[in-house]
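Survey of secondary and tertiary structure
Take a look at the letters that make up each chain.
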Amino acid sequence: MEEYFRKYYQSLCYFAVNLVHDRDLCEDIVQEVFVRVITSGMVFESELHFRQYVYAAVRNHCIDHINESQRVCKVTLGDADTADVPSPDYCDRSIVRAEIIRMVREAIDSLPPRYRQVFRMAYIDKMDSGEIAEALGISINTVKVIRQRAKNRMREMLSDFYPLFFILVDQLYR
């Protein structure tokens, strides 16, 4: 379960924050789901079964929170408009996006340390080759070679959805 927690925690938080728009709350919800799974002694047939369960559980907890918030707003504010419960299609799209981000994060983490460092500085921190070279004490050409090799490895690892990668890279470490 510890391995699943490390593997899915961030993507589940990303999914939850898209539903409840509150980072602290989404972390609480995800932690609560994991605590329930652990304390209940649930056994899953496969990682896929586990993943389906926790995404559904997080979605349900988020919807419960939204419904509770709406109930509180209606009591305190009368019939004021409140946020709508997310549609199943929106939830499904959010799950897909969270899973792609998880796979991208895993691919970045599997790069050799120097490749990973240069890749993050270039594409996540948005540093240019000169800034990276200065920060790491290496030549600009070395930075360019490492960055290109890291991109090539990412392209190989993420071949099925590599075109989406650079669209999502900004959301990896938020």
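Here the residue index of a chain counts from 1 through its sequence in written order. Where totals are concerned, whole chains, interfaces and linings use all residues; where local detail is concerned, this predicted model gives features only for residues with pLDDT of at least 70, and gives and counts side-chain atom pairs only at 80 or more. By convention in this description, side-chain values take in all heavy atoms of the structure and omit both hydrogens and water.

1. Examining the side chain of arginine 105
Worth spelling out the cut-off: Helix and strand labels come from DSSP, where a helix needs a run of H or I of at least four residues and a strand needs a run of E of at least two; each type is numbered from the N terminus. Note on exposure labels: buried denotes an accessible area under 20% of the residue type's maximum, exposed denotes more than 50%, and partly exposed covers the range between, all computed with a 1.4 Å probe on protein chains only. The charge count includes Lys and Arg as positive and Asp and Glu as negative, but it does not include His or the ends of the chains. Salt bridge, as applied in this entry: a Lys or Arg side-chain nitrogen positioned within 4 Å of an Asp or Glu carboxyl oxygen. Throughout this description, a polar contact denotes any pair of N or O atoms lying within 3.5 Å of each other; where both atoms belong to protein, one of them has to be capable of donating a hydrogen while the other can accept it, and for residues adjacent in sequence the pair is counted only when both atoms sit in side chains.
Note that arginine 105 resides in helix H4 (residues 88-110). No salt bridge is formed by the buried arginine 105; its nearest oppositely charged neighbour, aspartate 109, is found at 6.0 Å. One polar contact links arginine 105 to glutamine 10, side chain to side chain, over a distance of 2.6 Å.

2. Observations concerning the confidence of the model for the protein
Definition in use: The predictor attaches a confidence to each residue, called pLDDT, with possible values from 0 through 100. Any two residues whose heavy atoms approach within 4.5 Å at even a single point are treated as in contact.
With 83% of its residues at a pLDDT of 70 or more, the protein has an overall mean of 82. The lowest-confidence element of the protein is helix H8 (residues 162-168), averaging 58 in pLDDT; the highest-confidence one is helix H6 (residues 129-136), averaging 94. Note that pLDDT drops below 50 for residues 75-82; the model gives that stretch three contacts with residues more than four away or on any other chain.

3. Details of helix H7 (residues 140-157)
Condition: Helix span, as expected, comes to 1.5 Å for every residue beyond the first. The directions from the helix axis to the C-beta atoms are what the arc is built from.
Compared with an ideal rise of 1.5 Å per residue, which puts 18 residues at 26 Å, H7 spans 26 Å between its outermost C-alpha atoms and is within 8% of the ideal. Along H7, the residues classified as buried are Val143, Ile146, Ala150 and Met154. The arc enclosing the buried residues of H7, seen along the axis, measures out at 75°, which places them on a common side. With respect to the buried face of H7, the exposed residues turned more than 90 degrees away are Asn141 and Glu156.

4. Quick look at the nonpolar core
What counts here: Put simply, a nonpolar core is a bunch of buried Ala, Val, Leu, Ile, Met, Phe, Trp, Tyr and Cys residues held in one set by side-chain atoms that sit within 4.5 Å of each other.
Ranked by size, the top nonpolar core spans 28 residues in total, and within it Leu12, Phe15, Val20, Val30, Phe50, Val58 and Cys62 carry the most contacts. Not counting residues within four places of it along the chain, the set of residues in contact with leucine 12 comprises Val30, Phe34, Val54, Tyr55 and Val58. Counting residues in hydrophobic clusters, the runner-up holds 19 residues, among them Tyr123, Ala133, Val143 and Ala150.

5. So, the environment of glutamate 47
Here glutamate 47 lies in helix H3 (residues 47-77). Judged by relative accessible area, glutamate 47 falls into the partly exposed class, the value being 24%. The spatial distance from the C-alpha of glutamate 47 to the C-alpha of tyrosine 4 is 8.3 Å, given a sequence separation of 43 residues. Once you skip the residues sitting within four places of it in the chain, glutamate 47 turns out to touch Tyr4, Lys7 and Tyr8. Here the side chain of glutamate 47 touches lysine 7 through a polar contact of 2.6 Å, side chain to side chain. Among the polar contacts listed, one links the side chain of glutamate 47 to the side chain of tyrosine 8, at a separation of 2.4 Å.

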